[in-house]
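Now for the letters of each chain:
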Amino acid sequence: MNEAIQFTNLTKLYNNGRGIDDLNLTVKQGEIFGFLGPNGAGKTTVMKLMTGLVQPTLGDVLIFGASVQHQFVQAMSHVGCLIETAESFQYLSAYENLSLSASFYEHVDAQRIHECLELTGLSQYAHEKTKKFSLGMKQRLGIANALLSNPKLLILDEPLNGLDVQGMLDMRYLIKKLSEEHGTTFFISSHLIHDVELTCNRIGIVLNSRLVSADTTDDILKNFSSLEQYFINEVERNGRITSQLSE
Amino acid sequence: MVGLQANYRNELYKIRKKKKLAAGSILSILAVLIGQVSATLINQNLGLLLVNSTELPLMILGVMMYSIFPLFITFLTIDMFNNEYNSNTMKLILTRPTSRFSIFTGKLLALFTVLMINIASVMILSLIIGIIFNFSSVTLIGITRSIIAYLVSLLPLITFTLFVVILANLVKSGNSVFFLTILSFIGMYVLGIIFHQASSFLFISMFDWYRLWISESIQWLKLLRMSLSMIGFSIMLYCIGYLLFERKVV
């Protein structure tokens, strides 16, 4: 298996003390990696560092061997992403929004745009301006935008935000299908722990800006009744270590 | 290069879809019409010939350079930078396989293109209306002078655009950028009058340099000095703007 993402000593700490500290991790091609952690633990910072929105204080991220800092265009040519909130140009239609993104890829044509709208259930709203869209529809458009270039790596920050039950099931099915059939790698953060358990095949937990564990879902479920139990255990263990260190 | 072209096309498309472009065009047309109607009314009621056919475009240019053109540029720049930062849509572009240099340059080229279209439209419209209302005074030299005046006016406006781009990347709020631009504009204009010797360092005071190009005796050396000064300013402002954009955390 090839390495899709390689984090080496990745550090970005903000003045308020939050961010990510010394992240070392490798994600293999075809993996569905779930990134778990409480609010403010550093999940979004990692995703912003992976997509060049923020520059690291130290370290680097390699995406399929290309450095995000030094070979940005090459690194991002394999990436589709949805970071924080799903935004769109509200004075444009869903189709127009995707057309703008399509212009950066030679292989993406009108047919692919329609395919992505179909995949995310937005075909019937293709020519509606997105300012009239609900939160769920905006989220679907954000996912369509991420899928557009048929990327080898999808970075999704809370992809299920605002989706209804059917939308969540469709999304889970789509992620598994893309991973199995096309070998697409996923790096997903979500606070819906049950959904992460059902979708991801490897889990990393980040607490207080540090990655405290990374293991396969199968191995975790051999020792714990659910991912939730494992998460609680990791939080408590890490809390004990932190308090012991501070004493 | 592919990234630059894509960014340029996308920016033009977005500008075309916004209402501000239509508002700018309508204001420009109104300015030309009001200019001609005022000139005609003064002529009829007071018997004064305010402008002949080829002076109308120059009169309109004099007004537009200190009102609609800078306002139009400011609104478009705020839309292109501040509104995209604040609505988080800048992320959609920054996470595509294209460099920040291509994004920044694509945005600027689109701004300059729209500015050129706006100036050209006002020039053509004012020339046509001037000719229709005062057909007897049409001269080829007069038309050429108008075209030169409009063409050379692009340079100070490009320098001004680059200045607004810096403010848009320094300050978060679009409203703050707007007021800072107005204050800087007035400040530089007043300083240019008070410290006349230093006016070549204040590019706003060069907004009426087109008059030098169409005067009876052209001072080539002065024009060369002013051109080089504005080109130098533009290069410097472009570099500062790009540096700010490149380091911007979204």
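Placed above this text is the structure.
Rules behind the numbers
Residues numbered from 1 in each chain as written. Chains lettered and ligands numbered in written order. Predicted model: local features only at pLDDT ≥ 70, side-chain atom pairs only at ≥ 80, totals over all residues. Heavy atoms only, no water. Phe/Tyr/Trp six-rings, centres within 6.5 Å; stacked < 30°, edge-to-face > 60°. Buried < 20%, exposed > 50% of the residue type's maximum accessible area, 1.4 Å probe, protein only. Patch = residues over 30% accessible without salt bridge, like charges linked within 9 Å, V, L, I, M, F, W, Y side chains within 5 Å. Areas by Shrake-Rupley, 256 points an atom, 1.4 Å probe, with all protein chains shown as cover. Salt bridge = Lys/Arg side-chain N within 4 Å of Asp/Glu carboxyl O. Lys, Arg positive; Asp, Glu negative; His and termini not counted. Charge placed at Lys NZ, Arg CZ, Asp CG, Glu CD. Helix = DSSP H or I, 4+ residues; strand = E, 2+ residues; numbered from the N terminus. Contact = heavy atoms within 4.5 Å. Buried area = accessible area lost by both parts, 1.4 Å probe. Polar contact = N/O pair within 3.5 Å; in protein donor to acceptor, adjacent residues only side chain to side chain. Nonpolar A, V, L, I, M, F, W, Y, C, P; charged D, E, K, R; others polar. Axes fitted to C-alpha atoms, helices over the stretch in contact; angles between N-to-C directions. Parallel < 35°, antiparallel > 145°, perpendicular 65-115°, else oblique. Left-handed = near helix turned anticlockwise from the far one by under 90°. Pairing = 2+ DSSP bridges.

1. Re the packing of aromatic side chains
For step 1, the next point in the chain: Taken as a whole and judged by the stated rule, the model has 25 aromatic pairs over all chains.
For step 2, the next point in the chain: Centre to centre, the rings of Phe-33 of chain A and Phe-35 of chain A are 6.3 Å apart; their planes meet at 45°, and the pair counts as tilted. Of the two residues examined, Phe-33 of chain A and Phe-35 of chain A, each falls in the buried class.
For step 3, the next point in the chain: Ring geometry for Phe-160 of chain B and Phe-185 of chain B: centres 5.7 Å apart, planes at 85°, overall edge-to-face.

2. Some words on a positive patch on the surface
For step 1, the next point in the chain: Taken together, Lys-129, Lys-131 and Lys-132 of chain A together with Lys-19 of chain B make up a surface patch of like positive charges.
For step 2, the next point in the chain: The topology assignment puts Lys-132 of chain A in the loop between helix 4 (110–119) and helix 5 (135–147).

3. What about unusual backbone geometry?
Leave glycine aside and you will find that most residues have negative phi; peptide bonds, for their part, are mostly trans.
Residues and elements named next belong to chain A.
For step 1, the next point in the chain: Despite not being glycine, Phe-64 has its phi angle at roughly 50°, a positive value.
For step 2, the next point in the chain: Note that Phe-64 resides in the loop between strand 4 (58–63) and strand 5 (66–67).
For step 3, the next point in the chain: Relative accessible area serves as the criterion here: at 18%, Phe-64 is assigned to the buried category.
For step 4, the next point in the chain: Positive phi is not limited to glycine here, since Glu-84 has a value of about 60°.
For step 5, the next point in the chain: Tracing the chain through its elements places Glu-84 in the loop between strand 6 (79–82) and helix 3 (94–102).

4. Here we look at the interface of chain B and chain A
For step 1, the next point in the chain: Taken together, the contacts link 26 residues of chain B with 26 residues of chain A.
For step 2, the next point in the chain: Roughly 2,400 Å² of surface becomes buried between chain B and chain A when both sides are summed, with 61% attributable to carbon and sulfur atoms.
For step 3, the next point in the chain: Three residues, Thr-95, Arg-96 and Pro-97 of chain B, lead the burial of chain B against chain A; their summed loss comes to 28% of the area buried on that side.
For step 4, the next point in the chain: At the junction of chain B with chain A, the criterion picks out two salt bridges.
For step 5, the next point in the chain: Taken together, chain B and chain A are joined by 10 residue pairs in polar contact (both at pLDDT 80 or more).
For step 6, the next point in the chain: Of all elements in the fold, only helix 1 (2–17) and helix 6 (90–94) of chain B reach the threshold of two or more residues within the side of chain B that touches chain A.
For step 7, the next point in the chain: Sorting elements by how many residues they give to the side of chain B that touches chain A places helix 1 of chain B first, with eight residues.
For step 8, the next point in the chain: The residue makeup of the side of chain B that touches chain A, split by class, is nine nonpolar, nine polar and eight charged.

5. Thoughts on the packing of helix 1 of chain B against helix 7 (residues 100–133) of chain B
Residue and element names in this part refer to chain B.
For step 1, the next point in the chain: Where helix 1 contacts helix 7, the axes come no closer than 8 Å and their chain directions differ by 45°. Classed by the angle they form, the pair helix 1 and helix 7 counts as oblique. Every pair of crossing elements has a handedness; the one defined by helix 1 and helix 7 is right-handed. For the pair helix 1 and helix 7, the contacting residues are Gly-3, Leu-4, Asn-7, Tyr-8, Glu-11, Leu-12, Lys-14 and Ile-15 in the first and Ser-102, Ile-103, Thr-105, Gly-106, Lys-107, Leu-109, Ala-110, Thr-113 and Val-114 in the second.
For step 2, the next point in the chain: For the contact of helix 1 with helix 7, the residue count by class is eight nonpolar, six polar and three charged.

6. Quick notes on the pairing of strand 1 (residues 3–13) of chain A
Residues and elements named next belong to chain A.
For step 1, the next point in the chain: As judged from the seven bridges shared by strand 1 and strand 2 (residues 19–28), these two strands associate in the antiparallel manner. Looking at strand 2, one finds that Glu-3 is bridged to Lys-28.
For step 2, the next point in the chain: Connecting strand 1 to the next strand, strand 2, in antiparallel fashion are five residues, including Gly-17 with a positive phi near 90°.
For step 3, the next point in the chain: With five bridges joining them, strand 1 and strand 4 adopt antiparallel strand pairing. For Phe-7, the partnering residue across the bridge sits in strand 4 and is Val-61.

7. Regarding the side chain of Ser-93 of chain A
Residues and elements named next belong to chain A.
For step 1, the next point in the chain: For Ser-93, the position within the fold is in the loop between strand 6 and helix 3.
For step 2, the next point in the chain: On the basis of relative accessible area, Ser-93 is assigned to the buried category, the value being 5%.
For step 3, the next point in the chain: Once residues lying within four places of it in the same chain are set aside, the contact partners of Ser-93 are Ala-126, His-127, Glu-128, Lys-129 and Thr-130.

8. A look at the pattern of salt bridges
For step 1, the next point in the chain: Tallying each qualifying case throughout the model produces 16 salt bridges over all chains.
For step 2, the next point in the chain: As a salt-bridge pair, Arg-172 of chain A and Asp-195 of chain A come within 2.7 Å of each other at their nearest N and O atoms. Within this pair, whereas Arg-172 of chain A is found in helix 6 (residues 165–182), its partner Asp-195 of chain A is found in helix 7 (residues 193–199), the two being separated by 23 residues in sequence. Neither Arg-172 of chain A nor Asp-195 of chain A differs from the other in exposure class; each is buried.
For step 3, the next point in the chain: A salt bridge links Lys-222 of chain A to Asp-219 of chain A, with the shortest nitrogen-to-oxygen separation between them at 3.3 Å. One end of the pair, Lys-222 of chain A, and the other, Asp-219 of chain A, are both in helix 8 (residues 217–223), three residues apart, so they sit about a helical turn from each other.
For step 4, the next point in the chain: Classification of Lys-222 of chain A as exposed rests on a relative accessible area of 65%.
For step 5, the next point in the chain: The structure contains a network of salt bridges with shared partners spanning Glu-11, Lys-14, Glu-84 and Lys-107 of chain B.

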